[in-house]
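Geometric and topological summary
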Amino acid sequence: MAPSHPSPEAVAAGQAVYSARVLKLYDLLVHGLSNHLIWRCPTKRLRQLYQRCVSERHLDVGVGSGYFLEHTRFPGAAPRVTLIDLNPACLDYAGRRLARLKPATLQADVFQPLPRCGPFASIGLTYLLHCLPGSIPEKARVLDNIGALGAPGAVLFGATLLQGDAPRSWIARRLMETYNRKGVFSNREDRFEDLESALKARFTEVTLERVGCAALFTARIAV
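Below is a short write-up of the structure. Keep in mind that what you see is a predicted model, and the values were worked out from it rather than measured. (Residues numbered from 1 in each chain as written. Predicted model: local features only at pLDDT ≥ 70, side-chain atom pairs only at ≥ 80, totals over all residues. Heavy atoms only, no water.)

1. A closer look at the pairing of strand S6 (residues 204-211)
Note that S6 and strand S7 (residues 214-220) share 6 bridges and pair antiparallel. The residue bridging Leu208 from the neighbouring strand is Phe217, located in S7. Counted between consecutive antiparallel strands, the loop separating S6 from S7 contains 2 residues, among which Gly212 sits at a positive phi close to 60°. (Pairing = 2+ DSSP bridges. Helix = DSSP H or I, 4+ residues; strand = E, 2+ residues; numbered from the N terminus.)

If you want it as structure tokens, here you go:
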């Protein structure tokens, strides 16, 4: 049986918290505190992932505050960057922050087929999957929609916070449960093995690494 499509309300819940006011505190709370002290996935590791994978034709999906792209050195003098997010506040905040890159912005639900743009040589997907409703097999349809925008051989990369058998401290378990109850997260059923299976079913050269509560991943779109 094919996975059911999540309701619009469930999809919206994962991004609704990110108002302009919250985004002003996002870097401090997430990249400065939570990543290091709670999720045990230092922001430095995520920045290194971006620096290793980003290209001159880059798509970022689920842009948050735009932190990673601001702290990434792009190859070439004139990179072409596109931002996709369901939340207009995130697109506006990140777009202004990254004004030097003159990014194109697109408001879209990644559970739906995405407008044709690109193709892109790199696609960033960081801290989005754990905010999407459903289990990993149900969320995997977004990998199809996003992957369709990549050029042959393009790299898709990112990170997501897991539950399942992911090592978590008491405070990490409590905070994840609070976020899940509020609909900010939807990762109660997210497991490393399911993510690995979803990626390997769609892409080549898949790598995954556990870092604290997070799984960092890279994959290639087939040539």
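Structure's up, so let's keep going.
2. What about the side chain of Thr160?
Note that Thr160 resides in strand S5 (residues 150-161). From its side chain, Thr160 meets the backbone nitrogen of His130 in a polar contact 3.1 Å long. Not counting residues within four places of it along the chain, the set of residues in contact with Thr160 comprises Tyr127, Leu129, His130, Leu195, Cys213, Ala214, Ala215 and Phe217. (Polar contact = N/O pair within 3.5 Å; in protein donor to acceptor, adjacent residues only side chain to side chain. Contact = heavy atoms within 4.5 Å.)

3. Considerations on the nonpolar core
Considering soluble globular proteins, one finds that nonpolar side chains tend to be buried as a cluster. One finds Trp39, Leu83, Tyr127, Leu161 and Leu216 to be the most contacted residues of the largest nonpolar core, which totals 40 residues. At the level of secondary structure, the elements contributing two or more residues to this core comprise helix H2 (20-38), helix H3 (43-53), helix H4 (67-70), strand S2 (80-85), helix H5 (88-97), S5, helix H8 (170-182) and S7. Residues in contact with Leu216, not counting those within four places in the same chain, are Cys41, Arg45, Leu46, Leu49, Gly158, Ala159, Thr207, Leu208, Glu209 and Val211. Counting residues in each nonpolar core, the second largest holds 34 residues, with Ala108, Phe111, Leu132 and Leu195 among its members. (Core = buried A, V, L, I, M, F, W, Y, C linked by side-chain atoms within 4.5 Å. Buried < 20%, exposed > 50% of the residue type's maximum accessible area, 1.4 Å probe, protein only.)

4. Section: the pattern of salt bridges
By the definition in use, this model includes 11 salt bridges. Residue Arg202 is joined to Asp144 by a salt bridge in which the shortest nitrogen-to-oxygen separation is 2.8 Å. Residue Arg202 is found in the loop between helix H9 (192-200) and S6, and its partner Asp144 is found in helix H7 (residues 141-147); the two are separated by 58 residues along the sequence. Take Asp144: its relative accessible area is 40%, and that puts it in the partly exposed class. Close ionic contact of Arg220 with Glu205 constitutes a salt bridge, the shortest N to O distance being 3.9 Å. Of this pair, Arg220 sits in strand S7 while Glu205 sits in strand S6; the two residues are 15 residues apart in sequence, bridging distant segments of the chain. Assessed through its relative accessible area of 33%, Arg220 is described here as partly exposed. Classification of Glu205 by relative accessible area gives exposed; the value is 59%. Ionic contacts of the salt-bridge type, sharing partners, join the residues Asp27, Glu70 and Arg97 into one network. (Salt bridge = Lys/Arg side-chain N within 4 Å of Asp/Glu carboxyl O.)

It is worth stressing that arrangement in space is one thing and function is another; only the former is reported here.
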